[in-house]
Amino acid sequence: MGLFQKCTRLSLRSSYMWSVCPQYSIAVTARETPDRALIVHWTQHRGVHNSRQLGANPANPSAAPPRLPFSRVTQEDLSFFRALLPGRTITDPDLLKSSNVDWLKTVQGSSDVLLRPKTTEEVSQILRYCNERNLAVCPQGGNTGLVGGSVPVFDEIILSTSLMNQVFAFDNISGILTCQAGCVLENLSHYLEERDFIMPLDLGAKGSCHIGGNVSTNAGGLRLLRYGSLRGTVLGLEVVLADGRVLNCLATLRKDNTGYDLKQLFIGSEGTLGVITAVSILCPRKPKAVNVAFLGCSSFQQLLETFQCCRGMLGEILSAFEFLDASCMNLLEKHLKLTNPITECPFYIVIETAGSNATHDEEKLHQFLEEVMTSSLVTDGTVATEATKIKALWSLRERVTEALTHEGYTYKYDISLPVEKIYDLVQDMRRHLGGMAKNVVGYGHVGDGNLHLNITSPSKDFALLAAIEPYVYEWTSQWKGSISAEHGLGLKKRNYIYYSKPSEAVALMGSIKAMLDPKGILNPYKTLPDNIN
């Protein structure tokens, strides 16, 4: 059993096509000017978005559209908010600054008001008032989104759920947790682990992201292979609609087949249909035995064959199968000073098993490792069973996004593809861009066909952007993929939705939006394309 002693070294043997989207065609040129740039040119000045600078731009569908005719906040409005939320109506520009800028620092709004409700009733009163006054609202959780969905585009009022962080109930028989939307994912994980349960999702941003934001974006994460998506584990929601009505569908039943499943409308709708204020979610038991293997492969085909073998041999104890390429590892070593625990390889895999019987799980893992070693699918590897060593191995996958922030400007793409095509996109993009990009890297969730394609340059480069988009979306559409696997559409990708959805479906989405939010005050300029809005 030396193989499983803490963190043990293994001794191992050693043209693309353009497909024009029929519903939506655009022309992007390398002569794009800075004032028509992607989203916003980063600046320290407030009020950077204005309709003159960032008007509707057919050559740059990612750019912000003109400001819609919403009302502007007055002193009378501030008096109402201050009476409703004493001490929780923020207007200090210094305090507003972090809420106006996204995590990647690529989108900057100019909101003058941040509201911090604590209860559903307060959210209801805020939205009722804003709807009557035609004031636009940007719901915001942990602000960890990557598509500009959680920050204002112009001067929308920011409605933060950060103080809505109470756990209402937990049933330790059924494993159902009911809590407010502002609970931080990592805090919920700690709460559940003390009770011998875990959250069904795990993200690299777990220390900051809110469960309400996770649900609003239908976040995937590292455990989707084992526990499925939030569309299956979320049992109920409480949502405040645009006019202030409270939709209480906070069910705690595994089975409820009475009428339409309305909660599904709000999962993944990015705050455009309603503000999620509470969630009930099904949580699995905490596994008694966890093992993590970090393996190296010499080709992506061998990685795929390792995945097939893994699913067949590990079966019910397999909880994650992640990958990163050698370029990602180089960035981790260079910028974060992390150490590669095995010899250099073109591809790396993180496999996690989670079960109830340590001996049984270790035996299955040992048999799997023997198989991939003797068949030369894996060239090197290491295994961890101790918590600190497991965390260290997981950091090599979870901190890739952080490492990329040190590379200059990053163009991020969250793509879902048939598993066998995942890395083809990375290789084709490298050939397509040639020397234009500083780095083109790929990592993600092999188990659910989700690639995180990241392209870096020293600074924002409009010619590079023109070469990437719409090529990346046309490539994805050609292979029947999705242009957003788990990050959502937000501001940046709203106009590219037709590459993944037919026009009839998008039109129906617009009808649902018009019915639930006829004035369009909820998270405007996001998710739906400009021709719908």
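Our subject in this report is the structure included herewith. (Residues numbered from 1 in each chain as written. Predicted model: local features only at pLDDT ≥ 70, side-chain atom pairs only at ≥ 80, totals over all residues. Heavy atoms only, no water.)

In space, the 5 strands of this open sheet follow the order E6-E7-E10-E8-E9, with antiparallel pairing throughout. The open sheet has two free edges, formed respectively by strand E6 (167–171) and strand E9 (246–249), since each of these has just one partner strand. With strand direction ignored, the average angle separating the axes of adjacent strands in the sheet is 10 degrees. Summarising the sheet, strand E7 (residues 176–180) and strand E10 (residues 275–282) pair through 5 bridges and their orientation is antiparallel. The residue of E10 that forms the bridge with Cys179 is Val279. In this fold helix H3 (residues 120–133) packs onto strand E8 (234–240), E9 and E10, with an angle of close to 45 degrees to the strand it touches most, E8. (Pairing = 2+ DSSP bridges. Helix = DSSP H or I, 4+ residues; strand = E, 2+ residues; numbered from the N terminus. Axes fitted to C-alpha atoms, helices over the stretch in contact; angles between N-to-C directions. Contact = heavy atoms within 4.5 Å.)

Right, let's get into the sheet that holds strand E3 (residues 114–115). A sheet is described by the order of its strands in space; here 4 strands give the open sequence E2-E3-E5-E4, paired in mixed fashion. In this open sheet, the two edge strands, each paired with only one partner strand, are strand E2 (89–90) and strand E4 (137–140). Two elements, E3 and strand E5 (residues 157–160), share 2 bridges in a ladder whose sense is parallel. The residue of E5 that forms the bridge with Leu115 is Leu159. Contacts from H3 reach E3, E4 and E5, with the element oriented near 165 degrees to E5.

Now for the environment of Phe307. Secondary-structure assignment places Phe307 in helix H9 (residues 300–314). Since its relative accessible area comes to 6%, Phe307 is described here as buried. The residues touching Phe307, leaving out its near neighbours within four places in the chain, are Phe321, Val446 and Gly447. (Buried < 20%, exposed > 50% of the residue type's maximum accessible area, 1.4 Å probe, protein only.)

Here the focus is H9. Look at H9: 20 Å from first C-alpha to last across 15 residues, which is about the 21 Å you get at 1.5 Å a residue. For H9, every residue scored as buried is listed here: Phe300, Gln302, Leu303, Leu304, Thr306, Phe307, Cys309, Cys310 and Leu314. If you follow the buried residues of H9, they end up packed against strand E11 (289–297), strand E12 (318–325), strand E13 (347–355), helix H11 (358–374) and helix H14 (422–433). One or two positions beyond H9, positive phi appears at Gly315, with a value near 50 degrees. (Expected span 1.5 Å × (residues − 1).)

What follows concerns the nonpolar core. Grouped together as the largest cluster of nonpolar side chains are 56 residues, with contacts concentrated most on Ile351, Phe368, Tyr413, Leu453 and Ile455. It is H9 that provides the largest number of residues to this core, a total of 7 residues. When residues no more than four places from it in sequence are discounted, the contact partners of Ile351 are Asn291, Val292, Ala293, Leu295, Cys310, Leu314, Leu318, Ala320, Phe321 and Phe368. Counting residues in hydrophobic clusters, the runner-up holds 30 residues, among them Val123, Tyr129, Ala242 and Tyr525. (Core = buried A, V, L, I, M, F, W, Y, C linked by side-chain atoms within 4.5 Å.)

The next subject is helix H17 (residues 503–516). A rise of 1.5 Å per residue sets the reference length of H17, with its 14 residues, at 20 Å; its end C-alpha atoms lie 20 Å apart and thus fit the reference within 8%. Looking at H17, one finds that the buried residues are Val506, Gly510, Lys513 and Leu516. An end-on view of H17 places all buried positions within 135 degrees of arc, on one side of the element. Opposite the buried face of H17, by more than 90 degrees, sit the exposed residues Glu504, Leu508 and Met515. Each element contacted by the buried residues of H17 is listed here: helix H8 (263–266). (Arc of directions from axis to C-beta.)

Scanning all chains against the criterion turns up 20 salt bridges. Residues Asp77 and Arg133 are paired through a salt bridge, measuring 2.7 Å at the closest nitrogen-oxygen approach. Linking Asp77 in helix H1 (residues 75–84) with Arg133 in helix H3, this pair joins segments that are 56 residues apart in sequence. Its relative accessible area of 0% is what places Asp77 among the buried residues. Here Arg133 falls in the partly exposed class, since its relative accessible area comes to 25%. The shortest N-O distance in the salt bridge between Asp428 and Arg431 comes to 2.2 Å. With Asp428 and Arg431 both in helix H14 and 3 residues apart, this pair spans about one turn of that helix. Salt bridges here are not isolated pairs; linked through shared partners, they connect Arg67, Arg72 and Asp155. (Salt bridge = Lys/Arg side-chain N within 4 Å of Asp/Glu carboxyl O.)

Take the packing of H1 against H3 next. Packing of H1 against H3 brings their axes to within 11 Å, and their N-to-C directions diverge by 170 degrees. With respect to H3, the element H1 is oriented roughly antiparallel. Residue-level contacts link Glu76, Asp77, Phe80, Phe81 and Leu84 of H1 to Glu122, Gln125, Ile126, Tyr129, Cys130 and Arg133 of H3. Per-class residue counts for the contact of H1 with H3 are 6 nonpolar, 1 polar and 4 charged. (Parallel < 35°, antiparallel > 145°, perpendicular 65-115°, else oblique. Nonpolar A, V, L, I, M, F, W, Y, C, P; charged D, E, K, R; others polar.)

Applying the stated criterion to the full structure yields 19 aromatic pairs. Ring centres 6.4 Å apart and planes at 85 degrees place the aromatic pair Phe170 and Tyr191 in the edge-to-face group. Here Tyr191 lies in helix H4 (residues 185–193) and Phe170 lies in strand E6, a separation of 21 residues in the sequence. Ring geometry for Phe170 and Phe197: centres 5.0 Å apart, planes at 75 degrees, overall edge-to-face. (Phe/Tyr/Trp six-rings, centres within 6.5 Å; stacked < 30°, edge-to-face > 60°.)

In this section: the side chain of Ser269. Residue placement: Ser269 occurs in the loop between H8 and E10. One polar contact links the side chain of Ser269 to the main-chain carbonyl oxygen of Phe266, over a distance of 3.0 Å. Residue contacts for Ser269: discarding those within four places in its chain leaves Ser216 and Thr527. (Polar contact = N/O pair within 3.5 Å; in protein donor to acceptor, adjacent residues only side chain to side chain.)

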